[in-house]
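Analysis of the macromolecular model
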Amino acid sequence: MEEILRNAHKHMAEYIKQFYSDDKDEMLGIVTKEEHTSYVTKNCRDLAKHLQLCEHDVLLAELIGLWHDIGRFRQWQVYHTFVDANSEDHANLGLKVIVDLPLFKKLDVKDQEILLFAIGNHNKKEIARTESAKKLLFAKIIRDADKLDIYRVLEPYLDARVEFGNKLRFNPATNENRFAPGFLEKFVNAEQVDYRLIETQNDRKLVRLMWVYDVNYSWTLQRIKSRGFIDKIINSLPDNEMVQKGVERLTNYVEEKCKSSDLPLSLGE
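Residues numbered from 1 in each chain as written. Predicted model: local features only at pLDDT ≥ 70, side-chain atom pairs only at ≥ 80, totals over all residues. Heavy atoms only, no water.

The next subject is the state of the cysteines. Tallied over the full model, the rule gives 0 disulfides. Counting only cysteine sulfurs, Cys-44 is the nearest neighbor of Cys-54, a cysteine outside any disulfide, at a range of 15 Å. For Cys-54, a relative accessible area of 42% gives the class partly exposed. Note on Cys-258: no disulfide assigned, nearest cysteine sulfur contributed by Cys-44 at a separation of 19 Å. Look at Cys-258 and you get buried, because its relative accessible area is 15%. (Disulfide = S-S within 2.5 Å. Buried < 20%, exposed > 50% of the residue type's maximum accessible area, 1.4 Å probe, protein only.)

The subject of this paragraph is the nonpolar core. Counting 74 residues, the largest nonpolar core has Ile-64, Trp-67, Leu-115, Phe-138, Ile-141, Ile-230 and Leu-250 as its most contacted members. The residues contacting Ile-64, other than those within four sequence positions of it, are Ile-114, Leu-115, Ala-118, Ile-119, Phe-138 and Ile-142. (Core = buried A, V, L, I, M, F, W, Y, C linked by side-chain atoms within 4.5 Å. Contact = heavy atoms within 4.5 Å.)

Attention shifts here to helix α4 (residues 70-79). Those residues of α4 not exposed but buried are Ile-70, Gly-71, Arg-72, Phe-73, Gln-75 and Trp-76. Looking at the buried side of α4, the elements it contacts are α1 (2-17), α2 (24-50), α3 (55-67) and α5 (90-98). With its phi angle positive at about 60 degrees, His-80 sits one or two positions after the end of α4. (Helix = DSSP H or I, 4+ residues; strand = E, 2+ residues; numbered from the N terminus.)

Turning our eyes to something else, we now look at the packing of aromatic side chains. A full pass over the atoms with the stated rule returns 6 aromatic pairs. An angle of 35 degrees between the planes, with centres 6.1 Å apart, marks the rings of Phe-19 and Phe-73 as tilted. One end of the pair, Phe-19, is in the loop between α1 and α2; the other, Phe-73, is in helix α4, and 54 residues separate them in sequence. Clustering of aromatic rings is evident, with ring pairs tying together Tyr-15, Phe-19 and Phe-73. Over the aromatic face of Phe-82 sits the side chain of Lys-33, whose NZ or CZ is 5.0 Å from the ring centroid. (Phe/Tyr/Trp six-rings, centres within 6.5 Å; stacked < 30°, edge-to-face > 60°. Lys NZ or Arg CZ within 6 Å of the ring centre and 35° of its normal.)

The next thing to look at is empty space enclosed by the protein. The full count for this structure, using the stated rule, is 1 cavity of 30 Å³ or more. Estimates place the volume of the largest cavity at around 60 Å³. Lining the largest cavity are Ile-150, Tyr-151, Leu-154, Glu-155, Leu-158, Arg-208, Trp-211, Phe-229, Lys-232 and Ile-233. Counted by class, the lining of the largest cavity contains 7 nonpolar, no polar and 3 charged residues. (1 Å grid on protein atoms, 1.4 Å probe; cavity = no way out; pocket = protein on both sides within 12 Å on 5 of 7 lines; lining within 4 Å. Points joined across faces, edges and corners; volume = space filled by probe spheres on them. Nonpolar A, V, L, I, M, F, W, Y, C, P; charged D, E, K, R; others polar.)

What follows is the structure, encoded as structure tokens:
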């Protein structure tokens, strides 16, 4: 596994360079995802170590992080957007790339299945049902590692009113106090929302806050909180009664989740 991972890092660096361009807008998207890949790969490795996984599984988690967004580069080149709704599901696109990689074929069959399941579910609203505890474990690891860095990536766009990934162009100014119908109610009730219903910048902010309820490990949430991502989003929202109710519930949840232990784990098949 060590040799496969080492070669995978080399291959990924070369693969990404294929998408380099003299166009500054094109390169902005590629560089953004290249940096994101690096951070998520490290997050996966660090989280797997925190969960006290064996050396082989730590390396597998790192490989999943390395390849989790491999579909983004082709998506950006072909569709000029990171918005799946305007192109195609980037995880599914990535799986098409991965299964053709010679390095993937060198993995043990069980590791192949785990990797494909984890990457295929890293961006879905919910993880698909599975009887495999290990598939579920690695899906949770990559989802947490990904969210932790997405907060970093999106932080500069809190007040810029941009549709990130859609050529990074600024949207027209909108009513700062408006929310799409039902969004505040979902926030107060700690429920996830359909991204297709997003209408305003405030809706995007609530979506980012509600990701907190989908974080699997205390380790992850502690880092999201300590880096100030949650507070910055909250402080950018309009001050009204429903927002306050949602924030209070979320804050209490974060405090309790951060106190919880991530161990012991059940590592069955």
